[in-house]
Amino acid sequence: MEVERKDWVWALTAHPPAELKALADALAADCEVRLTSLPQAGLGLLQLADGAFHEPYYLGEFPLSICRVELALPDGRHIEGGAQAMADDAGLARALAILDALLAAQWPGAERAAALLETGARLRAEEDRRRRAMLAATRVDFAVLNDAGEDDED
């Protein structure tokens, strides 16, 4: 299963954060990790515009963590990565940014991250399949309900 880069965070976060952090630390042990933006964790605001007057309003808050990193090998090669995760965990964002950089450049050890990517995508796809099945099981055909209430009075 080929997972596009835009879906890497979605697939990787199917795994426990501790597992992702441990893998990122192990894979980046031989690299110099430089933060190009400090890991941040907090809340994001979801802003929408109302339909009548097109004025902005805030629908709600959601947890958000962001990080960008640059990795350098001793031979002088550099790569960059970044991640935004809907979690209040700056360490997770840092780990995801490191894995993003390693996967994008296919650096040594990236195959371990790619394995997590593949299993995470399968876990998420199975979760989506179960949710669709539950939704289909609760679907109501209102046309049939309407017909059931009518009595034939001849």
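Heads up: these notes are all about the structure in this document.

Quick notes on the rules
Residues numbered from 1 in each chain as written. Predicted model: local features only at pLDDT ≥ 70, side-chain atom pairs only at ≥ 80, totals over all residues. Heavy atoms only, no water. Core = buried A, V, L, I, M, F, W, Y, C linked by side-chain atoms within 4.5 Å. Buried < 20%, exposed > 50% of the residue type's maximum accessible area, 1.4 Å probe, protein only. Helix = DSSP H or I, 4+ residues; strand = E, 2+ residues; numbered from the N terminus. Contact = heavy atoms within 4.5 Å. Pairing = 2+ DSSP bridges. Axes fitted to C-alpha atoms, helices over the stretch in contact; angles between N-to-C directions. Parallel < 35°, antiparallel > 145°, perpendicular 65-115°, else oblique. Left-handed = near helix turned anticlockwise from the far one by under 90°. Polar contact = N/O pair within 3.5 Å; in protein donor to acceptor, adjacent residues only side chain to side chain. Disulfide = S-S within 2.5 Å. Salt bridge = Lys/Arg side-chain N within 4 Å of Asp/Glu carboxyl O. Patch = residues over 30% accessible without salt bridge, like charges linked within 9 Å, V, L, I, M, F, W, Y side chains within 5 Å. Areas by Shrake-Rupley, 256 points an atom, 1.4 Å probe, with all protein chains shown as cover.

**Description of the nonpolar core**
In terms of nonpolar packing, the biggest core is built from 33 residues, with L12, L71 and L99 touching the most fellow members. Contributing elements (two or more residues each) for this core: helix 1 (8-12), helix 2 (17-27), strand 2 (56-72), strand 3 (78-85), helix 3 (90-105) and helix 4 (110-137). With ten residues, the top contributor of residues to this core is helix 3. The contact partners of L71, leaving out residues within four places of it in the chain, are C31, E32, V33, R77, H78, I79, I98, A101, L102 and W107.

**Quick notes on the pairing of strand 2**
As defined by bridge partners, strand 1 (residues 32-49) adjoins strand 2 across 15 bridges and the pair is classed as antiparallel. Counterpart to A49 in the pairing with strand 2 is P56. With eight bridges joining them, strand 2 and strand 3 adopt antiparallel strand pairing. What sits directly across from E70, in strand 3, is E80. The antiparallel pairing of strand 2 with strand 3 creates a hairpin that spans five residues between the two strands, and G76 there sits at a positive phi of about 100°.

**Let's talk about the packing of helix 2 against helix 4**
Contact pair helix 2 / helix 4: the axes reach a minimum separation of 10 Å and the direction vectors enclose 160°. Considered as vectors, helix 2 and helix 4 are oriented roughly antiparallel to each other. In the packing of helix 2 onto helix 4, the handedness of the crossing is left-handed. Contact with helix 2, carried on its side by E19, L20, L23, A26 and L27, involves R112, A113 and L116 of helix 4 and no other residues of that element.

**Points about the side chain of R124**
Here R124 shows up in helix 4. At 3.0 Å, the side chain of R124 and the backbone oxygen of T13 are in polar contact. R124 has contacts with W10, A11, T13 and A14, leaving out every residue within four places of it along the chain.

**Thoughts on the state of the cysteines**
Following the criterion strictly, the structure yields zero disulfides and no others. Free of any disulfide, C31 has its nearest neighbouring cysteine sulfur in C67, separated by 15 Å. Residue C31 is classed as buried on the basis of its relative accessible area, which comes to 14%.

**With respect to the pattern of salt bridges**
Throughout the structure, instances matching the rule amount to eleven salt bridges. Salt-bridge contacts for K21 lead to D89; the nearest nitrogen and oxygen are separated by 3.0 Å. Residue K21 is found in helix 2, and its partner D89 is found in the loop between strand 3 and helix 3; the two are separated by 68 residues along the sequence. Look at K21 and you get partly exposed, because its relative accessible area is 26%. Measuring nitrogen to oxygen at the nearest pair gives 3.4 Å for the salt bridge that ties E80 to R68. Note that E80 is positioned in strand 3 and R68 in strand 2, a separation of twelve residues in sequence. Since its relative accessible area comes to 45%, E80 is described here as partly exposed. For R68, a relative accessible area of 37% gives the class partly exposed.

**Brief notes about a nonpolar patch on the surface**
Taken together, the side chains of L46, L48, Y57 and L59 define a hydrophobic patch exposed on the protein surface, amounting to about 340 Å² of accessible area. Among the elements of the structure, strand 1 and strand 2 are those that each provide at least two residues to the nonpolar patch. Tracing the chain through its elements places L46 in strand 1. Overall, L46 belongs to the partly exposed group, its relative accessible area being 39%.

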